[in-house]
Amino acid sequence: MKDTRNPPEIEIARLGKVFGTGAAAFRALSDIDLTIAQGEFFTLLGPSGCGKTTLLRVIAGFEQPSDGSLRINGQEVAGKGPNARPVNTVFQNYALFPHMSVAQNIGFGLKMLGRAKSEIDATVDEMLALVQMAHLADRKPAEISGGQQQRVALARALAPRPRVLLLDEPLSALDLKLRKGMQSELKRLQGETGITFVFVTHDQEEALTMSDRIAVMSDGRILQTGTPHEIYHAPRERFVADFIGDTNFLQVEVAEADGTAAQVTLPGGARHLARLPAGLRPGAGARVTVVIRPEQAQLVAPGQGVLAATVERSVFFGTDTHVHLVLDGGTPFVLRRQNSGALPEPAPGSTVGLTLAEGALQVVGD
Amino acid sequence: MAEPRESHRWKWLLCAPALTILVLAASGPLLIVLVYSFLTPGNMGGVVWQFSTDGWFRVFFRRDIFSPEDVSWNTAHLTIFWRSIWLSLQTTVICAVLGFPTAWFIATRPANTRTVWLFLITIPFWTNLLIRTFAIQELIRNSGTINTLLLWAGVIDAPIQMLFSEFAILIGMAYVFLPLMVLPLYAAMDKLDFRLVEAGYDLYASRLQVLRHVILPLVKPGFIAGSILVFIPSIGAYVTPRVLGGGRTMMLGNLIDLQFGQGRNWPLGAALAITLLVIVVAALLFYLRTLNREEGGRHG
Ligand SMILES: Nc1ncnc2c1ncn2[C@@H]1O[C@H](COP(=O)(O)OP(=O)(O)OP(=O)(O)O)[C@@H](O)[C@H]1O
Ligand SMILES: [Mg+2]
């Protein structure tokens, strides 16, 4: 939340992108409205093919938008090439120059900007230290590991001190352990440099742990923009809720509604408070979908709680256990309980009751 | 224990046909040429089996007819050597300069149309070299297409003498050998990762800087292969200088032909042929060594 108070770095208004012409035309981006604040760690999240890379390429200047406007640091940049924008990219495949050493790769941007050799050398050394690659400065990209190439790509993009760093799934080629390490390294680098990061991923967990704010995309549109907390706990649409984390959907009837919340009737007849997304005002009697996160329900004795269910099976995950249930009425429901203490595992086939945490219910649009 | 030995023998047996062809087709004739260069010319051509270094002597020197002890450089031959080297170098440079944008154009077409463009590049190979060379002659001779057009348009009042000059040879050789530069250059560009070009632009390089710092170093292997493929046949070119250079603007190939034909001096012809070979090998070694040194210097 802190960063949204900073002045805007990138302002995108009604931006669209169409590839091709005539019958082969394909609309990859529609009506993108987005403001990214200075120093923010902003993530574009969405399934494959939703237009994340295209949006990043439009910001970088590799593609020109078909309509709408794009401002960087207050200046309209439409029509300017990538070499005239204070923006650098960390490419998904790193795109390191194979004929240059690690140090030459990192110094390339400054060299092209015509900086003095002494300044280039000093910055290269600084960057090598920043990404802990000083000992491999003279190697060629083919002679270092994938994780090391990743760090060089990062250093190369940071060396010219851009206002904005664009990262297109920079961690997707790394194995899990390296990936976790690089995630915190990226956060550290962003904190140390204060540069605005626009980060692309289709990994929702990565997005939640790293971002100041997230934009969830689908089919060339931005569905919702918000902090990880907002996106997780207050998804506006079914797609967003489904894409982020494990989710239970439940059909309920609205009993009464005011501005931000509604009393809804659960399948068993019990009443519960549900939050409403901005812009959605269902009338009494309307049937709506609510989202319940698996960790916000708890098992209680049969007949108690607000929902009744039958246990199907339990799956052990180490720190927690997922209990798969079927609610009375046939809706499947997954519940997550932490494995602290020795809770008895519910036997398959047994009937149980469920209580829901306060604020567990979030109404979503379809 | 016996097995590796056995398979070793098989290897040699399998290589035998290739080795035989190599010995018979390459080393054999070369050896004959080398031996002939140290023999005495026969009266009606051919050789007399008598050792002589006169052929080699005449490659570089000449004796005054009236006072044989007067020895001077054979400037006619040296001029031809120099012309061959110089024209071949120019041909290579022209082919590189024209070939690069051509190959770039093809490499940046959509994948499905690239084969068409490549096919077009190879079309000249379908016609006999001699006929194509005569076609160029028709274009540039005094009453040929270009001069006629220029006269008609009033740009000039007298035809420009283009045929039978080094210029004509240069045009002909550049035309004939251009595909040999385009094809390896295209192969190198086809492998080029265009995301590296984007990375160059992203890091503030101008178009020219991307060309110089990213594209050229990466397609260098194509330039090397293309240069070798153009330079070697250029320096031994025969048909093109013969048709476009006339009798006086000779290159090495024509000089060698002259000795085996009208000149009736086979040993001299053989010595000249070996000289040509030495020039080519020396040029290649020099070229590759310069490249290596450059490479070493950059990381050193
Ligand atoms: N140059 C292009 N010409 C035509 N269509 C394109 C072009 N580039 C991308 N597209 C299309 O635009 C859509 C969005 O592509 P984009 O690469 O932005 O997806 P993405 O969200 O980055 O996906 P992924 O997670 O798989 O990388 C896709 O349907 C793609 O086929
Ligand atoms: Mg992508």
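Residues numbered from 1 in each chain as written. Chains lettered and ligands numbered in written order. Predicted model: local features only at pLDDT ≥ 70, side-chain atom pairs only at ≥ 80, totals over all residues. Heavy atoms only, no water.

**Topic: a nonpolar patch on the surface**
A cluster of nonpolar side chains, contributed by Phe105(B), Val116(B), Trp117(B), Phe119(B), Leu120(B), Ile123(B), Phe125(B), Trp126(B) and Leu183(B), occupies part of the molecular surface with about 850 Å² of accessible area. For the nonpolar patch, the element with the most residues is helix α4 (residues 111–122) of chain B, which contributes four residues. (Patch = residues over 30% accessible without salt bridge, like charges linked within 9 Å, V, L, I, M, F, W, Y side chains within 5 Å. Areas by Shrake-Rupley, 256 points an atom, 1.4 Å probe, with all protein chains shown as cover. Salt bridge = Lys/Arg side-chain N within 4 Å of Asp/Glu carboxyl O. Helix = DSSP H or I, 4+ residues; strand = E, 2+ residues; numbered from the N terminus.)

**Some remarks on the interface of chain B and chain A**
Taken residue by residue, the interface counts 19 residues in chain B and 27 residues in chain A. A buried area of about 2000 Å², summed over both sides, lies between chain B and chain A, and 61% of it is on carbon and sulfur atoms. On the chain B side of the contact with chain A, Asp202(B), Leu203(B) and Tyr204(B) bury the most area, a combined 38% of that side's loss. Our count for the contact surface shared by chain B and chain A stands at one salt bridge. Here Glu198(B) ties to Arg57(A) by a salt bridge, and the two come within 2.7 Å at their closest N and O atoms. Where chain B meets chain A, there are eight residue pairs in polar contact (both at pLDDT 80 or more). Mapped onto the side of chain B that touches chain A, the elements with two or more residues apiece are α8 (194–202), α9 (207–235) and α12 (266–299) of chain B. Considering every element that reaches the side of chain B that touches chain A, the biggest residue donor is α8(B), with seven residues. Across the side of chain B that touches chain A, the residue classes break down as nine nonpolar, five polar and five charged. (Contact = heavy atoms within 4.5 Å. Buried area = accessible area lost by both parts, 1.4 Å probe. Polar contact = N/O pair within 3.5 Å; in protein donor to acceptor, adjacent residues only side chain to side chain. Nonpolar A, V, L, I, M, F, W, Y, C, P; charged D, E, K, R; others polar.)

**Looking at the confidence of the model for chain B**
In this model, chain B carries an average pLDDT of 90, and 96% of its residues clear a pLDDT of 70 or more. Reported confidences for the modelled complex are a pTM of 0.82 and an ipTM of 0.84. (pLDDT = per-residue confidence, 0-100.)

**Description of the packing of aromatic side chains**
As enumerated under the stated definition, the model contains 19 aromatic pairs over all chains in all. Residues Trp82(B) and Trp86(B) carry aromatic rings whose centres are separated by 6.0 Å and whose planes lie at 5 degrees to one another, so their mutual orientation is stacked. Of this pair, Trp82(B) and Trp86(B) both sit in helix α3 (residues 75–107), four residues apart, which is roughly one turn of the helix. The exposure class of Trp82(B) is exposed, given its relative accessible area of 51%. Centroid distance Phe260(B) to Trp266(B): 5.5 Å. Interplanar angle 55 degrees. Geometry classified as tilted. Residue Phe260(B) is classed as partly exposed on the basis of its relative accessible area of 33%. By relative accessible area, Trp266(B) is classed as partly exposed at 27%. Among the aromatic residues, those joined into a ring-pair cluster are Tyr36(B), Trp49(B), Phe260(B) and Trp266(B). Geometry around Phe97(A) places Arg156(A) over its ring, the cationic atom sitting 4.8 Å from the centre. (Phe/Tyr/Trp six-rings, centres within 6.5 Å; stacked < 30°, edge-to-face > 60°. Buried < 20%, exposed > 50% of the residue type's maximum accessible area, 1.4 Å probe, protein only. Lys NZ or Arg CZ within 6 Å of the ring centre and 35° of its normal.)

**Overview of the site of ligand 1**
Residue and element names in this part refer to chain A. Of all residues adjacent to ligand 1, which total 13 residues, the nearest are Ser-48, Gly-49, Lys-52, Thr-53 and Thr-54. Measuring from an oxygen atom of ligand 1, one finds a backbone N or O atom of Gly-49 at 2.8 Å. Between ligand 1 and the protein, one listed contact pairs an oxygen atom with a side-chain N or O atom of Glu-169 at 3.3 Å. Across the complex, the protein chains shield 61% of the 630 Å² of accessible surface that ligand 1 would expose by itself. Mapped by element, the contributors of at least two residues to the shell around ligand 1 are β2 (26–37) and α1 (52–60). The dominant element in the shell around ligand 1, judged by the number of residues it contributes, is α1, at three residues. Class assignment of the residues belonging to the shell around ligand 1 gives a composition of five nonpolar, six polar and two charged. (Near = heavy atom within 4 Å.)

**Some remarks on the nonpolar core**
Among the nonpolar cores identified, the biggest contains 69 residues, and Ile12(A), Ile32(A), Leu34(A), Leu44(A) and Leu55(A) are the most heavily contacted of them. Among the elements that take part in this core, helix α7 (residues 166–191) of chain B stands out by supplying eleven residues, more than any other. Non-local contacts of Ile12(A), meaning those with residues more than four positions away in its chain, are made with Ile32(A), Asp33(A), Leu34(A), Leu55(A), Ile59(A), Ser69(A) and Leu70(A). (Core = buried A, V, L, I, M, F, W, Y, C linked by side-chain atoms within 4.5 Å.)

**A word on the packing of α3(B) against α4(B)**
Residues and elements named next belong to chain B. Where α3 contacts α4, the two axes come as close as 9 Å, and the packing angle between them is 150 degrees. Classified by the angle their axes make, α3 and α4 are roughly antiparallel. Of the residues in α4, those in contact with Thr-102, Phe-105, Ile-106 and Ala-107 of α3 are Arg-114, Trp-117, Leu-118 and Ile-121. The class makeup of the residues in the contact of α3 with α4 is six nonpolar, one polar and one charged. (Axes fitted to C-alpha atoms, helices over the stretch in contact; angles between N-to-C directions. Parallel < 35°, antiparallel > 145°, perpendicular 65-115°, else oblique.)

**Some words on the packing of helix α5 (residues 129–140) of chain B against α7(B)**
Residues and elements named next belong to chain B. For the pair α5 and α7, the least separation of the axes is 11 Å and the interaxial angle reads 135 degrees. Here α5 lies oblique to α7, going by the angle between them. Seen along the crossing, α5 lies across α7 with a hand that is right-handed. Contacts from Leu-129, Arg-132, Ile-136 and Ile-140 in α5 reach Ala-168, Ile-171, Gly-172, Tyr-175 and Val-176 in α7. Residues belonging to the contact of α5 with α7 are distributed by class as follows: seven nonpolar, one polar and one charged. (Left-handed = near helix turned anticlockwise from the far one by under 90°.)

**Focus: the sheet that holds β2(A)**
Residue and element names in this part refer to chain A. Overall, antiparallel pairing links the four strands, which are arranged β2-β1-β4-β5 in an open sheet. Lying at the two open borders of the sheet, with one neighbouring strand each, are β2 and β5 (75–76). As paired strands, strand β1 (residues 8–19) and strand β4 (residues 67–72) are joined by five bridges and run antiparallel to one another. Residue Glu-11 lies in a different strand from β4, and its bridge partner there is Arg-71. Contacting β1, β2 and β4, α1 runs over the sheet at an angle of about 120 degrees to β1. (Pairing = 2+ DSSP bridges.)

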